[in-house]
Amino acid sequence: MIPLLVAALLLVLMGIAYTQGFSRSRAIAATGVRLHSRPAYHGSLVAIRCLLPALLVLGLWVLFGPGMTRAFIVAQLPPDVAALDEPAFLTAVRRIEAIASGFGVAGQVQPYEAAAGEAVRRFHTFALLVVMAAAAGVGILGLLAALRRISPTLRARNKVESVVRVLLLACSALAILTTVGIVVSLFNEAFRFFSFVAPADFFFGTVWNPGFATTGTAAIGEYGLLPLLWGTVMIAIIAMLVAIPVGLMTAIYLSQYASARLRNVAKPIVEVLAGIPTIVYGFFALVTVGPFLSDTGAAIGLDIRATSALTAGLVMGIMIIPFVSSLSDDIMRQVPLSLRDGSLGLGATESETIRRVLLPAALPGIVGALLLAISRAIGETMIVVLAAGNSPVLRFNPAEPVSTITVTIVNQLTGDADFAGPQSLVAFALGLTLFVMTLLLNMVALYIVRRFREQYE
Amino acid sequence: MADIAVDIAELANRRRLCVRASLSRRHLIERLFRAGGLTAIVIALGLVATLFGMMASKGAPAFMQATLSLDVTFDPAVITVAPPPARAAGQSEADYRAAMLVWQRQVTLANWSAIVETAVRNAAPPGFEIDRRGALALVETNERHRLRDMFVADPGLLGQTVRVDMLASANTDNWLKGTINRALPDSRQQLSRQTRTLADTLLAEGKIRFAFAWHLFTNTDSRSAPAAAGLAGAFVGSLYMMLIVIALAVPIGVASAIYLEEFAPRHRVTDLIEVNINNLAAVPSIVFGLLGAAVFIRYFGLPMSAPVVGGLVLTLMTLPTIIIATRSALRAVPLSLRQAALAVGASPTQTVFHHVLPVTFPAILTSAIIGVAQALGETAPLLLIGMNAFVASIPATPFDQSSALPAQIYLWQGNENRNFFEARTSAAIMVLLGLMITLNALAIFLRTRLERRV
């Protein structure tokens, strides 16, 4: 209700300001004087100058309003109630708020409560009226001031455009702000974690066994990163072993051999794989691929667990296929056609051209693309949460369950709002490790890809 | 002289023979290489087919659920409550609600299980022996609450007999669909022998049928009554998040793309922003979840499990996608268009907003839809801001506790009643994939449709 009122007030102010500025400048133009800016710009400028002060007043109320209301309610309480202990005091305040809202409270209403409720209700109405009036007042003042400044020489367009430009700049600064937010929050919480556990124990520890702190915030258990890191790397390797041959061969076939018809059908279908949510892949791994691998293993006498590094890596590889294939497709297409034609002209077969000319020429770019794919595999979460088995032990057999950095972040942080102990803070140290790893991979990859592009430009 | 000519011809001949001799081997390699490429494509296409086929075959049965049609008697001997209170003149809203609550509590205390039990017994063949627990095990537990709600809504039902469609319990559904191994011994079955026999009999008599499970879309999640669990809460939660993403990510993303591509002077700061955006696009989604937990929940004090936090986190995640796509769209606009506008006296801002931006509209729209579809399926960051909590209500505002479609899938796949929830999870995945495919198809449709006009 109240937000609607405020929005309506602002809209009305804006409408009035715009039309006033528009018609005033038009009237000037009608006298035959040449305006610097068209009337629409004058209208917009007046609207901006009218809205800014009004928004400022409303913003101040949003900042300080709740505190003032609270102070008013407390001032209404009789001294004996105000002297009550914290919970009873809060209950009294809440009852008065309920009476003031018109909903009422169940049971007997104390006389002081009724009086206070009535007073608070009047205060609410009064405050709303005052704030709205103040906003409207300064808005109109701004409007009048802006109207008086309208003249043929006023450079309204330039002023509106610079406001627009500032807004655009603010939007693009948000990207920087996001990165700063990520870095600051990760570092902040990770440092708190390192006040419990020494960094050396974290980065070089080989045992992951965080205990559950039932009381206090003492660090119980061991936080060794290496088992998780190895699990992450092993799964990423398996994924790349699946994705590189299939993805690369798909890209080669589609770009060099396939007929236009096959390409138009097959390319979008392969790219569908990229759009499937990772939770779906996780479920697929859990109920289809895992049991299938385990049964196959049993049939040939191998002990493969249904949730293992192999299952997770295999499915993650499937997820990355379109990533590898579309990136390498892009890159192979940038290799100049003359290289290809030259090789074919000398009598090389198509596969020889691809293997000896095209791929070597595209190699740096493809390596960059693969690095990007690896960074995606390392940061992938849902597949490993569901299908890697969550067993943070240093193992080298891919048929056994493992755990990864991302899985552990999810396990340590879910359902915990106040990260006080190392058990939940470790998630941020892990997140920081992950962030740095993917950042380095990406920077190297982007650098390589850019160098490659420049080479043929 | 002649000797040398002969030598050259000889050499050329020998080389020709050599090449010819190696030809068959080279062609074999060529064929193998080609076959390898074809195999890779077949594997990739086969994987897509397997994935969709498996989801569809596992999920389809969950859309049809065993439903009982029973004659329910609202027996006055069982429901012994006074008529509902009327609102007296001058009574405050709070007092009336309190009185109503007292009455509703009395209604709740009535023995609704007995009413369900009688209804099941009446439906059973005459003389069929079944104990109380066995009879109740047939019907989903929340149906007695539904009967109570029916009575609260219409107290005139007292003493009447009404035909009510009730959901069979998850165990009954498993038994009838054969999701559980029917050959297992009694000790390992969830239902007693009597209940199983009765279920089969009722199915044969048509009193149990497989009806379309509308409640999958209209109910919220439920733990005590798994057969009645639905996606409504998750739908609304996801809807709020998508609205937030659309309202924030699209305008901000387009605005910053315009600034970077059209206005930003080329110097170190803009280079930094550019590198930054490219890196943000590749930051793992779970790191955005950590950001949400640390900044939005802990620092700003926004509520856990609320769609508003999820929406903000997904907005930050989607921004780079939209920025990069919009920038490449802007870059594709021919220079001549800009020069023409500038030449007739438009300012740079006018050029961008009046001439360049309208041309890129289809591409921006497409990238926005694809970005939103991507955000719709994102799961990992939601787990870190508590959206995997069990929530059995539809959120009224974006600040209420809520689930989301992918988070609901995550919750369901972990349910202990595997036999039942495997199908249910697949069904939820089908719904999610359906939504995403619809969004992507819409993007493709709009792109082809709008681009033709420009």
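Since the model is a prediction, treat every value here as computed from it, not as a measurement. (Residues numbered from 1 in each chain as written. Chains lettered and ligands numbered in written order. Predicted model: local features only at pLDDT ≥ 70, side-chain atom pairs only at ≥ 80, totals over all residues. Heavy atoms only, no water.)

Right, let's talk about the overall build of chain B for a bit. Within chain B, the regular secondary structure consists of 17 helices and three strands. When the 454 residues of chain B are sorted by exposure, 48% land in the buried category. The contacts in chain B between residues at least 6 apart in sequence include a share of 75% that link residues at least 24 apart. For chain B, the accessible area works out to roughly 21400 Å², and carbon and sulfur atoms hold 61% of it. Separation of charge centres in chain B, based on 39 positive and 30 negative side chains, amounts to 7 Å. (Helix = DSSP H or I, 4+ residues; strand = E, 2+ residues; numbered from the N terminus. Buried < 20%, exposed > 50% of the residue type's maximum accessible area, 1.4 Å probe, protein only. Contact = heavy atoms within 4.5 Å. Areas by Shrake-Rupley, 256 points an atom, 1.4 Å probe, with all protein chains shown as cover. Lys, Arg positive; Asp, Glu negative; His and termini not counted. Charge placed at Lys NZ, Arg CZ, Asp CG, Glu CD.)

From N to C terminus, chain A includes 16 helices and two strands. For chain A, whose C-alpha radius of gyration is 33 Å, the value lies well above the compact-globule estimate of 23 Å for 457 residues. Dimensions of chain A, computed from the C-alpha atoms along their principal axes, are close to 85 × 75 × 40 Å. Across the 457 residues in chain A, those meeting the buried criterion constitute 46%. Contacts in chain A between residues far apart in sequence, at least 24 positions, make up 71% of those at least 6 positions apart. Looking at chain A as shown, the accessible area adds up to about 21800 Å², and 67% of this sits on carbon and sulfur atoms. Considering chain A, the positive charge centre built from 30 side chains and the negative charge centre built from 24 side chains are found 20 Å apart. (Rg over C-alpha atoms; globule rule 2.2 N^0.38 Å.)

This part is about the interface of chain A and chain B. On the side of chain B, 79 residues touch chain A, which itself brings 83 residues to the contact. In total, about 6900 Å² of surface goes out of reach between chain A and chain B, with carbon and sulfur atoms giving 77% of it. Three residues stand out in chain A for area buried against chain B, namely L168(A), Y253(A) and F283(A), and they jointly supply 9% of the buried area on that side. On the surface where chain A and chain B come into contact, there are two salt bridges. Here E189(A) makes a salt bridge to R298(B), at a shortest N to O gap of 3.5 Å. Linking chain A with chain B are ten residue pairs in polar contact (both at pLDDT 80 or more), by the criterion used here. (Buried area = accessible area lost by both parts, 1.4 Å probe. Salt bridge = Lys/Arg side-chain N within 4 Å of Asp/Glu carboxyl O. Polar contact = N/O pair within 3.5 Å; in protein donor to acceptor, adjacent residues only side chain to side chain.)

Our focus in this paragraph is the UniProt feature "transmembrane region" (unreviewed entry) in chain A. Residues and elements named next belong to chain A. As recorded in UniProt, the feature "transmembrane region" (unreviewed entry) lies at residues 43–64, 126–146, 166–184, 228–252, 272–294, 306–324, 357–378 and 425–449. In residues 166–184, the share of helix is 100% and the share of strand is 0%. The end C-alpha atoms are 26 Å apart. Secondary structure across residues 306–324 divides into 84% helix and 0% strand, with the first and last C-alpha atoms of the span separated by 27 Å. (UniProt positions renumbered as here; feature names shortened; annotations may be inferred.)

So, about the pairing of strand β1 (residues 64–73) of chain B. Residues and elements named next belong to chain B. When you tally the buried positions in β1, you get seven out of ten residues, the bulk of the element. By the bridge criterion, five bridges tie β1 to strand β3 (residues 208–212) in an arrangement that is antiparallel. Looking across to β3, one finds that L68 is bridged to I208. Summarising the sheet, β1 and strand β2 (residues 161–167) pair through seven bridges and their orientation is antiparallel. (Pairing = 2+ DSSP bridges.)

On to the UniProt feature "transmembrane region" (unreviewed entry) in chain B, then. Residues and elements named next belong to chain B. Under the local residue numbering, the UniProt record ascribes the feature "transmembrane region" (unreviewed entry) to residues 32–55, 239–260, 280–300, 306–330, 351–376 and 427–446. Along residues 280–300 one finds 86% helix and 0% strand; the C-alpha atoms at either end are 22 Å apart. Between the C-alpha atoms that bound residues 427–446 there is a distance of 28 Å. The span itself is 100% helix and 0% strand.

Attention shifts here to the pattern of salt bridges. All names here are of chain B. For the structure shown, the criterion picks out 25 salt bridges over all chains. We note a salt bridge from E117 to R121, for which the minimum N-O separation is 2.9 Å. Here E117 and its partner R121 are both found in helix α3 (residues 112–123), four residues apart, which amounts to about one turn of the helix. For R121, a relative accessible area of 34% corresponds to the partly exposed category. Notably, a salt bridge pairs R148 with D149, separated by 3.1 Å at the nearest N-O pair. Here the salt bridges do not stand alone but share partners, grouping E261, E274, R327 and R331 into one network.

Considering the arrangement of structural elements, one finds S375(A) in helix α13 (residues 350–379). A relative accessible area of 3% places S375(A) in the buried class. Apart from residues lying up to four places away in sequence, S375(A) is in contact with T438(A), L441(A), N442(A) and A282(B).

Further remarks concern the domain arrangement of chain B. Residues and elements named next belong to chain B. Per the domain assignment, the segments making up chain B are domain 1 (2–60), domain 2 (62–221) and domain 3 (232–453). Taking only C-alpha atoms, the centre of domain 1 and the centre of domain 3 are 43 Å apart. Taken residue by residue, the interface counts six residues in domain 1 and eight residues in domain 3. Summed over both sides, the interface between domain 1 and domain 3 buries roughly 570 Å², with carbon and sulfur atoms accounting for 78% of that surface. On inspection of domain 1 and its partner domain 3, the count reaches one salt bridge. Put simply, E422 and K58 hold a salt bridge, and the shortest N to O gap is 3.5 Å. Residues belonging to the side of domain 1 that touches domain 3 are distributed by class as follows: four nonpolar, one polar and one charged. (Domains from an automatic or database assignment. Nonpolar A, V, L, I, M, F, W, Y, C, P; charged D, E, K, R; others polar.)

Our next topic: the sheet that holds β3(B). Residue and element names in this part refer to chain B. Pairing within the open sheet is antiparallel, and its three strands lie in the order β2-β1-β3. Because the sheet does not close on itself, it has two edges, and the strands there are β2 and β3. Here the average twist between neighbouring strands, direction ignored, is 40 degrees. Along the sheet, helix α6 (residues 170–177) makes contact with β1 and β3, crossing β1 at roughly 125 degrees. (Axes fitted to C-alpha atoms, helices over the stretch in contact; angles between N-to-C directions.)

Taking 1.5 Å as the rise per residue, helix α10 (residues 268–282) of chain B with 15 residues should run 21 Å; its terminal C-alpha atoms sit 22 Å apart, in good agreement. If you check which residues of α10(B) are buried, you get T270(B), I273(B), N276(B), I277(B), N279(B) and L280(B). Here the buried face of α10(B) lies against α6 (156–194) and α16 (422–455) of chain A together with α9 (232–263), α11 (285–299) and α12 (307–331) of chain B. (Expected span 1.5 Å × (residues − 1).)

Our focus in this paragraph is the UniProt feature "domain: ABC transmembrane type-1" (unreviewed entry) in chain B. When the UniProt feature table is mapped onto this chain numbering, "domain: ABC transmembrane type-1" (unreviewed entry) sits at residues 235–441 of chain B. Between the end C-alpha atoms of residues 235–441 of chain B there is a gap of 20 Å, over a span that is 78% helix and 0% strand.

The next thing to look at is the packing of helix α2 (residues 39–76) of chain A against α6(A). The relative placement of two packed helices is expressed as an angle between their axes plus a distance between the axes. Residues and elements named next belong to chain A. Two numbers describe how α2 lies on α6: the axes approach to 8 Å, and their chain directions differ by 50 degrees. Judged by the angle between their axes, α2 and α6 are oblique. Read as a crossing pair, α2 and α6 show a hand that is left-handed. Judged by residue contacts, Y41, H42, S44, L45, I48 and R49 of α2 engage A156, R157, K159, V160, E161 and V163 from α6. When the residues that make up the contact of α2 with α6 are grouped by side-chain class, the tally is six nonpolar, two polar and four charged. (Parallel < 35°, antiparallel > 145°, perpendicular 65-115°, else oblique. Left-handed = near helix turned anticlockwise from the far one by under 90°.)

Residues and elements named next belong to chain A. Going through the model one piece at a time under the given rule, you end up with 26 aromatic pairs over all chains. Ring centres of W230 and F396 lie 5.1 Å apart, and the angle between their planes is 45 degrees; this geometry places the pair in the tilted category. One end of the pair, W230, is in helix α8 (residues 226–257); the other, F396, is in the loop between α14 (382–387) and α15 (405–413), and 166 residues separate them in sequence. By relative accessible area, W230 is classed as partly exposed at 25%. (Phe/Tyr/Trp six-rings, centres within 6.5 Å; stacked < 30°, edge-to-face > 60°.)

A few words on helix α4 (residues 86–100) of chain A. Look at α4(A): 21 Å from first C-alpha to last across 15 residues, which is about the 21 Å you get at 1.5 Å a residue. Looking only at α4(A), the buried set comprises F89(A), A92(A), V93(A), I96(A), A98(A), I99(A) and A100(A).

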